[in-house]
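Read off the chains here:
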Amino acid sequence: LGLWAASPWIAYWISRPISRKSYPIAPKERQELRRLARRTWLFFETFVGPDDHWLPPDHFQEDPRGLVAHRTSPTNIGLLLLSTLAAYDFGYIGLMNLILRLRSTLDGMDKLEQYRGHLLNWYDTRNLEPLPPRYVSAVDSGNLAGCLLSLQQGCLELEQSPAFSWQRW
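The structure presented is a predicted model; accordingly, all values stated were derived computationally and were not measured. (Residues numbered from 1 in each chain as written. Predicted model: local features only at pLDDT ≥ 70, side-chain atom pairs only at ≥ 80, totals over all residues. Heavy atoms only, no water.)

Peer 1: An account of the overall build of the protein chain is needed here, citing residue identities and associated values.
Peer 2: Scanning the protein chain from terminus to terminus reveals five helices and six strands. Traced from its N-terminal end to its C-terminal end, the protein chain shows the element sequence α-α-β-β-β-α-α-β-β-β-α. Computed over its C-alpha atoms, the radius of gyration of the protein chain comes to 21 Å, more than 25% above the 15 Å expected for a compact globule of 169 residues. Dimensions of the protein chain, computed from C-alpha atoms along their principal axes, come out at roughly 65 × 45 × 40 Å. Per-residue burial for the protein chain yields a buried fraction of 28% across its 169 residues. Long-range pairs, those at least 24 residues apart, make up 56% of the contacts in the protein chain with a sequence separation of at least 6. With an accessible surface of roughly 12,100 Å², the protein chain has 59% of that area assigned to carbon and sulfur atoms. (Helix = DSSP H or I, 4+ residues; strand = E, 2+ residues; numbered from the N terminus. Rg over C-alpha atoms; globule rule 2.2 N^0.38 Å. Buried < 20%, exposed > 50% of the residue type's maximum accessible area, 1.4 Å probe, protein only. Contact = heavy atoms within 4.5 Å. Areas by Shrake-Rupley, 256 points an atom, 1.4 Å probe, with all protein chains shown as cover.)

Peer 1: Describe a nonpolar patch on the surface, with residues and values.
Peer 2: Taken together, Leu-3, Trp-9, Ile-10, Tyr-12, Trp-13 and Ile-14 make up a surface patch of nonpolar side chains, about 760 Å² in accessible area. Locating Trp-13 in the fold gives a position in helix α1 (residues 2-14). (Patch = residues over 30% accessible without salt bridge, like charges linked within 9 Å, V, L, I, M, F, W, Y side chains within 5 Å. Salt bridge = Lys/Arg side-chain N within 4 Å of Asp/Glu carboxyl O.)

Peer 1: Tell me about the nonpolar core, and please be specific about residues and values.
Peer 2: Ile-77, Met-109, Leu-112 and Leu-119 are the most contacted members of the largest nonpolar core, which has 21 residues in total. In terms of residue count, the dominant contributor to this core is helix α3 (residues 74-89) (six residues). When near neighbours in sequence (up to four residues on either side) are disregarded, Ile-77 contacts Leu-55, Pro-56, Thr-72, Thr-105, Met-109, Leu-112, Leu-119 and Leu-144. (Core = buried A, V, L, I, M, F, W, Y, C linked by side-chain atoms within 4.5 Å.)

Peer 1: Describe the state of the cysteines, with residues and values.
Peer 2: The full count for this structure, using the stated rule, is zero disulfides. Cys-155 supplies the cysteine sulfur nearest to Cys-147, a cysteine that is in no disulfide, at a spacing of 13 Å. The exposure class assigned to Cys-147 is buried, which follows from its relative accessible area of 9%. (Disulfide = S-S within 2.5 Å.)

Peer 1: Lay out α3 with the relevant residues and their values.
Peer 2: Its 16 residues place the ends of α3 23 Å apart at the C-alpha level, agreeing with the 22 Å of an ideal helix rising 1.5 Å per residue. Among the 16 residues of α3, 12 are classified as buried, and the element is accordingly described as predominantly covered. Looking only at α3, the buried set comprises Pro-74, Thr-75, Asn-76, Ile-77, Gly-78, Leu-80, Leu-81, Ser-83, Thr-84, Leu-85, Ala-87 and Tyr-88. On its buried face, α3 is in contact with α2 (27-47), β3 (71-72), α4 (95-110), β5 (118-119) and α5 (138-160). Where α3 terminates, the next one or two residues include Gly-91, which has phi positive at roughly 85°. (Expected span 1.5 Å × (residues − 1).)

Here's what the structure looks like:
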């Protein structure tokens, strides 16, 4: 009975906005983060192109022979889409390059076999064939859905931003 009586107060208390302290990023840390962001984009810039239907490889193994894993997953695709938007935000690519890369990747995705609207877990990026075993991963589908929602919001913000800006991050 006591909890029921206190429930309005409890609901109010747990619904209050969370106050967070912001900690400024030191110049050296900012420089390191920018370096990591540029290296991450360099991976996609180097390995995502027409030979792989603009879909990202799973990984690149530098040693011993420099091998590219020409397979991809919904998570990899989602991360590529967000990395492309981030590359634009950081000024690594221009607006037209952003549009062309996103469109090319989305066109590549449209060619992938699906099961009940879901992408399968692994595809060969060169011929777009699903790789065995063929299954839908709830985790990968969720990752892709989250990335697509974030991409949508980023693209909606692009509509409101100036076409050209001297100031970037």
